[in-house]
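# A structural walkthrough
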Amino acid sequence: MEQSLFQMLKEYNKTMLPMHMPGHKRNLALSGTDGYLAALRADCDITEIAGFDNLAEPEEILLSLKERAARLWKSEEAYPLVNGSTGGILAAIYATVSMGNTVIMSRNCHKSVYNGIRIVNAKAVYLQPEQDAKTGACGAVTPEAVEAALQKYREAKLVVVTSPTYEGVVSDVEGICRVAHTYGVPVLVDSAHGAHFGFDEFPKGAVECGADLVVHSLHKTLPCLTQTAMLHRTGGIVSREAVQTAVNMFQTSSPSYLLLASIEGCIGLMEERGDKLCAEWKEALSEFYKGARLLQRIRVVAGEITDENGDTLRRMEPAVYERDPGKIVIVTEGTDLTGPMLTEKLRSEYRIELEMAAEQYGLAMTGPGDTKGSLARLLQALLEIDAQCEKSETPEFCYPGLPPVRMSAAEAERGFTKEYSWKEAIGRVAGEYVWAYPPGIPLLVPGEEITEEQVGFLLQKERNGVRIHRTGGGSGEAIRCL
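Reading guide: rules and limits
Residues numbered from 1 in each chain as written. Predicted model: local features only at pLDDT ≥ 70, side-chain atom pairs only at ≥ 80, totals over all residues. Heavy atoms only, no water. Buried < 20%, exposed > 50% of the residue type's maximum accessible area, 1.4 Å probe, protein only. Helix = DSSP H or I, 4+ residues; strand = E, 2+ residues; numbered from the N terminus. Pairing = 2+ DSSP bridges. Axes fitted to C-alpha atoms, helices over the stretch in contact; angles between N-to-C directions. Contact = heavy atoms within 4.5 Å. Phe/Tyr/Trp six-rings, centres within 6.5 Å; stacked < 30°, edge-to-face > 60°. Lys NZ or Arg CZ within 6 Å of the ring centre and 35° of its normal. Core = buried A, V, L, I, M, F, W, Y, C linked by side-chain atoms within 4.5 Å.

### Description of the pairing of strand β8 (residues 229–233)
For β8, the buried fraction is high: five of the five residues fall into the buried class. Burial along β8 is two-sided: Ala 229, Leu 231 and Arg 233 and Met 230 and His 232, pointing in opposite directions, are all buried. Pairing of strand β1 (residues 77–81) with β8, which is carried by five bridges, proceeds in the antiparallel orientation. Following the sheet pairing, Glu 77 is matched in β8 by Arg 233. Two strands pair when backbone bridges link them, and strand β7 (residues 213–217) and β8 are joined in this way by five bridges, in the antiparallel orientation. When the bridges of β8 are listed, Ser 217 appears paired with Ala 229.

### What about the sheet that holds strand β16 (residues 441–444)?
Reading across from one edge, β16-β15-β17 is the order of the three strands in this open sheet, with antiparallel pairing throughout. Looking along the sheet, the strands with just one partner apiece sit at the ends: β16 and β17 (468–470). The mean angle between the axes of side-by-side strands here comes to 45°, regardless of whether they run parallel or antiparallel. Pairing analysis gives three bridges linking strand β15 (residues 434–436) to β17, with the strands arranged antiparallel. By the bridge assignment, Ala 436 is partnered in β17 with Ile 468. Packed on one face of the sheet, helix α15 (residues 452–463) meets β15, β16 and β17 and runs near 125° to β16.

### A few points about unusual backbone geometry
Cis rather than trans, the peptide bond between Met 21 and Pro 22 has omega equal to -5°. With an omega of 5°, the peptide bond between Ser 163 and Pro 164 qualifies as cis. One can find Pro 164 in the loop between β4 (156–162) and β5 (169–170). Unusually for a residue other than glycine, Arg 26 sits at a positive phi of about 60°.

### Some remarks on the packing of aromatic side chains
On inspection of all chains with the given rule, the structure shows seven aromatic pairs. Between Tyr 114 and Tyr 433, the aromatic rings sit 6.0 Å apart at their centres with planes inclined by 75°, giving edge-to-face as the arrangement. Taken as a pair, Tyr 114 in helix α5 (residues 111–119) and Tyr 433 in the loop between α14 (422–425) and β15 lie far apart in primary sequence, 319 residues in all. Ring pairing ties together the aromatic residues Tyr 12, Phe 52 and Tyr 257, which thus form one cluster. The ring of Tyr 79 is capped by Lys 66, whose NZ or CZ atom sits 4.0 Å from the centre of that ring. Lying across the ring of Phe 202, Lys 282 places its NZ or CZ 5.4 Å from the centre.

### Points about the nonpolar core
Judged by nonpolar contacts, the single largest core of 61 residues is most densely connected at Phe 288 and Ile 328. Every element with two or more residues in this core is listed here: α1 (5–15), α3 (61–73), α10 (257–292), β11 (327–331), α11 (339–350) and α12 (372–388). Ranked by residue count, the leading element in this core is α10, at 15 residues. If sequence neighbours within four positions are ignored, Phe 288 has contacts with Val 300, Ile 328, Leu 375, Leu 378, Leu 379 and Leu 382. Counting 34 residues, the second largest nonpolar core, distinct from the first, contains Val 97, Met 105, Val 120 and Trp 435.

### A closer look at the sheet that holds strand β2 (residues 102–106)
Taken in spatial order, the seven strands of this open sheet run β1-β8-β7-β6-β4-β2-β3, and their pairing is mixed. Two strands bound the open sheet, and with one partner strand each, they are β1 and β3 (123–127). If you compare each strand with its neighbour and ignore which way they point, the axes differ by 20° on average. Sitting on the sheet, helix α7 (residues 173–182) is in contact with β4 and β6 (187–190), with an inclination near 160° to β6.

Structure, rendered in structure tokens:
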């Protein structure tokens, strides 16, 4: 049997004298027996040397890794990423969009999509998803919305959607691809949170749905180290050469072999036991959701859309095509708690750290590493908090409509800007991005006119404990405008 990359790394260190990078020279004694070098396996940390292939032009073990990933996720070409999904998003956009082209994209895309648009100075046409009635967050993008945009903007070169979203909302990617392909336009799906899709009974993956380019963050939902990801290419609309060139532009020229070994190990684990691991994960989730029915005030959004008989359905809500049960959305609406208050309570009193908090909900991310025991611990904490909290009227919370776009983001960021208070900024043009992180979705984009409605929306977020960030740093009390 062929050695794994991790085995090769361990064996290499036993015999070779490293007169090459990195500077620690795999000398674990530098930081002591229990120091960081030993703990982080610096003895397996190498650079691109003979026998270990080249990620930019793979011919041996890294080529095998690419081919195995493509088979596992059913793509034609797979590109391992050690810069996270961000590198894959930037590469996908650069490979498909020329300078000044038009891109149709969902407004709830991650900031990396906006940065990719900025790099090629593209014109962004936004698709505004409906609100998910159960959380107030962005819902799905529909094929009908994509078709309407393509009919209006025939010059569009790319469609970009996020599926699943941070909250686990899945769009009809198959329908979106069917529509886009009739216009000859490729589809890029930011499926960073969907690397587990297609295994066991989880929703169908974006690659299988026909997307031309798909980005997965392996570390988000699968057993892989942070910063590992994968870009997939399928179909004949986007050329292999364009994607490979773009990946090499945005990927580091000094990839971490520890991260590459993690990717290979994850692929091997999912090849061998993926369906079994996901079935066990799904079973643990089912027990959690069953127990969550006992909650009286706090609500947990059902992991699947079902009818009164418990049969799984689609399109029970206009804004949701399907849900990922791996995302546990804990809704505080109607109680005396906000999402940040619930998150702090779980952190300080129960030693449970959620993934993120919004005004009316907290988000618990799960993965194959979770067990019935870990989810039972979360459920017990929620039941105790539920018994202590009170019912309360929650002010209606609605996302503002899309603001007027006065110029492209690239033009706005190159302009002369000055800092204004939020009140002074109303009616001016934003010169920087504003977002809440996580999830890193821009709430204001450079070039957009700042409306009174938007300012009220952002200030309400801050009052409810959601921290607002902006490109230039500093507090969320001001913004740079043209």
